[in-house]
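Close look at the chain arrangement
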Amino acid sequence: MVVDAQHGRMVMIEVAAVSVLTDNYVWLIHNSESGETAAVDPSVADPVLEAVATRGWRLTQILNTHWHPDHTGGNQGIQAATGAPITAPAEAERVSTVDRIVREGDRVTVAGAEAVVWDIPAHTAGHIAYYFEDERMIFVGDTMFAMGCGRLFEGTAQEMFANLQRIAALPADVRIYCGHEYTLANARFAAHAEPGNADVARRLEQAAEMRGRGEITLPTTVAEERATNPFVRASDSEEFARLRSAKDSFR
Ligand SMILES: [Zn+2]
């Protein structure tokens, strides 16, 4: 809950997760006053439409962070069912229609709240994030994961390292909403990379317990990632690159 300075009223924002495919999360950003709901990175249409209907919400907007089909596959089906406009980086036009193309510095009104767009290329060349400064939350797609980061499909280690440093420089209490449930596997790698880090050991244990109960481990926070994410904690892009290749082959 935050005060909307312009209108002097409270904007009530709630975020819910829809688990789809193997390990994707579609995030629903909901305004409990207006009923408006945005779906971030809808992999598929029907489970998202059902999740919104079950809650009695109204799907009014679609946001994408990057073009990958497991983040855009539900765009057309949701738009056909609801008429919701699609906001996305230009690269999403490869796989979907887009109503509004956004890039670094653009502002997007989402369910009555305001997000600023960040260009964070590396996982894909046109990957973006949506940062809600007032609500203290950021949607980072496949750039950062809890205790991990995305693979470098269309960018460099330098770019990804800079993205992670930028996210980690946000206020400590900012909640980070990631595109996948990778926490436990990432925690195992983090424990291997930083065997002496007590915060990592604690979080590995916690993630194992939560996943054992079938619970969602996200969102994470800037504070948690600074303490436990080896990719964020790397001292430079060379160390980051070494960790990224080690993780690619870690079992
Ligand atoms: Zn992806």
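To keep things clear, this report deals only with the structure shown in the data block. Treat the numbers as computed from the prediction; the structure is a model and nothing was measured.

1. Notes on the coordination of the zinc ion
- Distances from the zinc ion to its protein donors, H66 (NE2), H68 (ND1), H123 (NE2) and D142 (OD), fall within 2.2 to 2.3 Å.
- Geometry at the zinc ion is irregular, judged from its 4 donor atoms and the angles of 89 to 170° they form at the metal.
- All donors of the zinc ion belong to a single chain; written as a sequence motif, their spacing is H-x1-H-x54-H-x18-D. In this pair, H66 sits in the loop between β6 (58-63) and α2 (69-72) while D142 sits in the loop between β12 (137-141) and β13 (144-145), placing the two residues 76 residues apart along the sequence.
- D142 gets classed as buried once you look at its relative accessible area, which sits at 3%.

2. Points about the nonpolar core
- If you look at the biggest cluster of nonpolar residues, it comprises 51 residues, and the most contacted ones within it are I29, W118, Y130, F132, I138, F139 and F240.
- For this core, the element with the highest residue contribution is helix α4 (residues 157-168), accounting for 6 residues.
- Residue contacts for I138: discarding those within four places in its chain leaves W118, A129, Y130, Y131, L170, V174, R175, I176 and Y177.
- The next biggest cluster of nonpolar side chains, apart from the first, holds 19 residues, and it includes V20, V26, L28 and A88.

3. A short note on the side chain of E225
- By the secondary structure assignment, E225 is in helix α7 (residues 222-228).
- Its relative accessible area of 1% is what places E225 among the buried residues.
- Among the polar contacts made by the side chain of E225, one reaches the side chain of R203 at a distance of 2.7 Å.
- The contact partners of E225, leaving out residues within four places of it in the chain, are M144, F145, A146, M147, G148, I176, R203, T220, V232 and R233.

4. Some remarks on the state of the cysteines
- Counted under the stated rule, the structure contains 0 disulfides.
- Not engaged in a disulfide, the cysteine C149 finds its nearest cysteine sulfur in C178; these two sulfurs lie 11 Å apart.
- The class for C178 is buried, based on a relative accessible area of 1%.

5. Let's talk about the sheet that holds strand β5 (residues 36-40)
- What the 6 strands build is an open sheet, ordered β3-β4-β5-β6-β7-β8; its pairing is mixed. Of all strands in the sheet, those bounded by a partner on one side alone are β3 (13-20) and β8 (100-101).
- The pairing of β6 with strand β7 (residues 86-88) spans 2 bridges and is parallel. Paired with L63 across the bridge in β7 is T87.

Here is what the cut-offs are and how they apply
- Residues numbered from 1 in each chain as written.
- Predicted model: local features only at pLDDT ≥ 70, side-chain atom pairs only at ≥ 80, totals over all residues.
- Heavy atoms only, no water.
- Donors = N, O, S within 2.8 Å, 3.2 Å for Na, K, Ca; no water.
- Tetrahedral: all angles 85-135°; square planar, octahedral: opposite > 155°, others 65-115°.
- Helix = DSSP H or I, 4+ residues; strand = E, 2+ residues; numbered from the N terminus.
- Buried < 20%, exposed > 50% of the residue type's maximum accessible area, 1.4 Å probe, protein only.
- Core = buried A, V, L, I, M, F, W, Y, C linked by side-chain atoms within 4.5 Å.
- Contact = heavy atoms within 4.5 Å.
- Polar contact = N/O pair within 3.5 Å; in protein donor to acceptor, adjacent residues only side chain to side chain.
- Disulfide = S-S within 2.5 Å.
- Pairing = 2+ DSSP bridges.

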